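# Notes for the structure review
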There are 4 protein chains.
Amino acid sequence: MKNELVSRFSMSLPPALLKQLDEMSGDKGYDNRSQAIADMIRDRLVEHRQKFGSEEICGTITLVYDHHKPHLQATLTDIQHDYHDVILSTVHVHLDHHNCLEVLLVRGKAALVRKIADELISAKGVKHGKLTVTTTGKDLPS
Amino acid sequence: MKNELVSRFSMSLPPALLKQLDEMSGDKGYDNRSQAIADMIRDRLVEHRQKFGSEEICGTITLVYDHHKPHLQATLTDIQHDYHDVILSTVHVHLDHHNCLEVLLVRGKAALVRKIADELISAKGVKHGKLTVTTTGKDLPS
Amino acid sequence: MKNELVSRFSMSLPPALLKQLDEMSGDKGYDNRSQAIADMIRDRLVEHRQKFGSEEICGTITLVYDHHKPHLQATLTDIQHDYHDVILSTVHVHLDHHNCLEVLLVRGKAALVRKIADELISAKGVKHGKLTVTTTGKDLPS
Amino acid sequence: MKNELVSRFSMSLPPALLKQLDEMSGDKGYDNRSQAIADMIRDRLVEHRQKFGSEEICGTITLVYDHHKPHLQATLTDIQHDYHDVILSTVHVHLDHHNCLEVLLVRGKAALVRKIADELISAKGVKHGKLTVTTTGKDLPS
């Protein structure tokens, strides 16, 4: 992307914070400071927008559970089929004889996605669950 | 804090991103752009310093990007093949003609998983990336 | 791949068969006849090798079933966890309120993969199941 | 069949593939290479002619390829984004430093699914590709 348009501006930070920013950017492999800061802004924008429930978001719901727990898997599957329009697909990894890692890819209105995540994560027997929200990419410049 | 020492520097952002940053900063009640960015940096530093050690974790790395960005997809795939022992599988959803949602399921030592996530998320052109850490289930009673 | 080495040889076919081959190759979007025939040979080699049970293969097991069938999902998950070393991951798509499409990505000795597929496909309530065998890519020139 | 009319033409294959073809043809008891290839062509024609109409099907497209092949991955992703309404999701497994197993879950009109599969499988550099057709479950009693 040669002729990509950018806006240039100046800003100020406490010197110690600037130093730590540069160290972290180096650790993470960013080419320059602007790129590292741009990534933080995009991350914060994604977060900020999910507060407004009707915004369309993408995300993942990550679940770890023991599939031998009675009724658990049937419960999780029933919930998922109720929302099959929102759940794009579910990947299941058989971690060992007992434990499952199940990751759902979801796309829908933020409030609905959050509701589905809450129902799944609160199901009795789920060891750990997490909703990760990201963007559909449409409204976020790269 | 009148006489606080500050370091002044200039940076550049895509104009659309700068505009969205300023709107969000206004929404959140920040007096100026530098203050809003300083807060993001501090937040990211806290996260960055979290201990990621040699214990085995499971997790997901969620990426949203435009697959038309030159070299981006090749870069992401090269990184993933370098760590094919840690990446269990990668699910790719074609969100629209441009945007991809790519979710990697990972299992490995926490520090290594964090390193892989950093490499992928900092790749130029990734709009949003996130590491979500969960458990292998072994050491966690339900 | 500019200087790719090729072996040139001549062969003969009944004229009608050659004509139909060329029509099909055109339909399928091949650039030339050699490429279309090379793909058939590779496909046949993959098939041929799976007869030898200890050869390592990759593949998918595709299942369609109604998750409301009593015990079916528990049975399928139990079988999958028994072979969690062979099953790389399982993707589940919630087709509608009743029907599931479940695709397992597998890698292992041909005879074992076939045994797992047979167990899953023959489970009472599975509407349709299919084992698709492919290669690990290692022993197949492109 | 002495005086059968044949068309003679020359073609080229990677030397390693030619060697493996000849070994397999010997194993299978073919008298010559042309005969072995003729059989493959006939088999493929039968498959190709299967009715693929306007009924809705589910299926998987399984691809194995070396992601280092120039332009291959970009080509495959471009095709997939053109049909993002049909491709539910794509799972990618990083088999080793070179080889990828990519499995697409698809749902759409049979003829369109077949067309997408043909485009992907015939892309130069794909080592092995296969379309597996299954049902949406709706019209199939268990």
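This report concerns the structure included in the present document. The model shown is predicted, which means the values in this text are computed figures rather than measured ones.

For T60 of chain C, the location among the structural elements is in strand 2 (residues 56-66). What makes T60 of chain C buried here is its relative accessible area of 0%. Apart from the residues lying within four places of it in its own chain, the contact partners of T60 of chain C are V103, L104, V106, K130, L131 and T132 of chain C together with T60, T62 and V103 of chain D.

Let us now look at the sheet that holds strand 4 (residues 99-109) of chain B. Read from one edge to the other, the open sheet built from eight strands follows the order 5(B)-2(B)-4(B)-3(B)-3(D)-4(D)-2(D)-5(D), with strand pairing classed as antiparallel. One side of each edge strand has no neighbouring strand; the edge strands of this open sheet are strand 5 (126-134) of chain B together with strand 5 (126-134) of chain D. Taking each pair of neighbouring strands and ignoring which way they run, the sheet shows an average axis angle of 15°. One ladder, built from three bridges, connects strand 3 (residues 87-94) of chain B with strand 3 (residues 87-94) of chain D; its direction is antiparallel. Bridge pairing links T90 of chain B to H92 of chain D in strand 3 of chain D.

Right, let's talk about helix 4 (residues 110-121) of chain C for a bit. One full turn of an α-helix is made of 3.6 residues, so residues set three or four places apart face in the same direction. Residue and element names in this part refer to chain C. Here helix 4 is twelve residues long and its end C-alpha atoms lie 16 Å apart, about the 16 Å a rise of 1.5 Å per residue gives. Among all positions of helix 4, only A110, V113, I116, A117 and L120 are buried. Mapping the buried residues of helix 4 onto a view down its axis gives an arc of 130°, with all of them on the same face. Residues of helix 4 that are buried sit in contact with strand 2, helix 3 (72-82), strand 4 (99-109) and strand 5 (126-134).

Moving on, we get to the pairing of strand 2 (residues 56-66) of chain B. Residue and element names in this part refer to chain B. Most of strand 2 is tucked away: ten of the eleven residues are buried. Taken together, the eleven bridges between strand 2 and strand 4 define a ladder with antiparallel strand orientation. Residue pairing for strand 4: V64 is matched across the bridge by L101. Pairing geometry for strand 2 and strand 5, over eight bridges, is antiparallel. Bridging from a neighbouring strand, Y65 pairs with V126 of strand 5.

What counts, and at which threshold
- Residues numbered from 1 in each chain as written.
- Chains lettered and ligands numbered in written order.
- Predicted model: local features only at pLDDT ≥ 70, side-chain atom pairs only at ≥ 80, totals over all residues.
- Heavy atoms only, no water.
- Helix = DSSP H or I, 4+ residues; strand = E, 2+ residues; numbered from the N terminus.
- Buried < 20%, exposed > 50% of the residue type's maximum accessible area, 1.4 Å probe, protein only.
- Contact = heavy atoms within 4.5 Å.
- Pairing = 2+ DSSP bridges.
- Axes fitted to C-alpha atoms, helices over the stretch in contact; angles between N-to-C directions.
- Expected span 1.5 Å × (residues − 1).
- Arc of directions from axis to C-beta.

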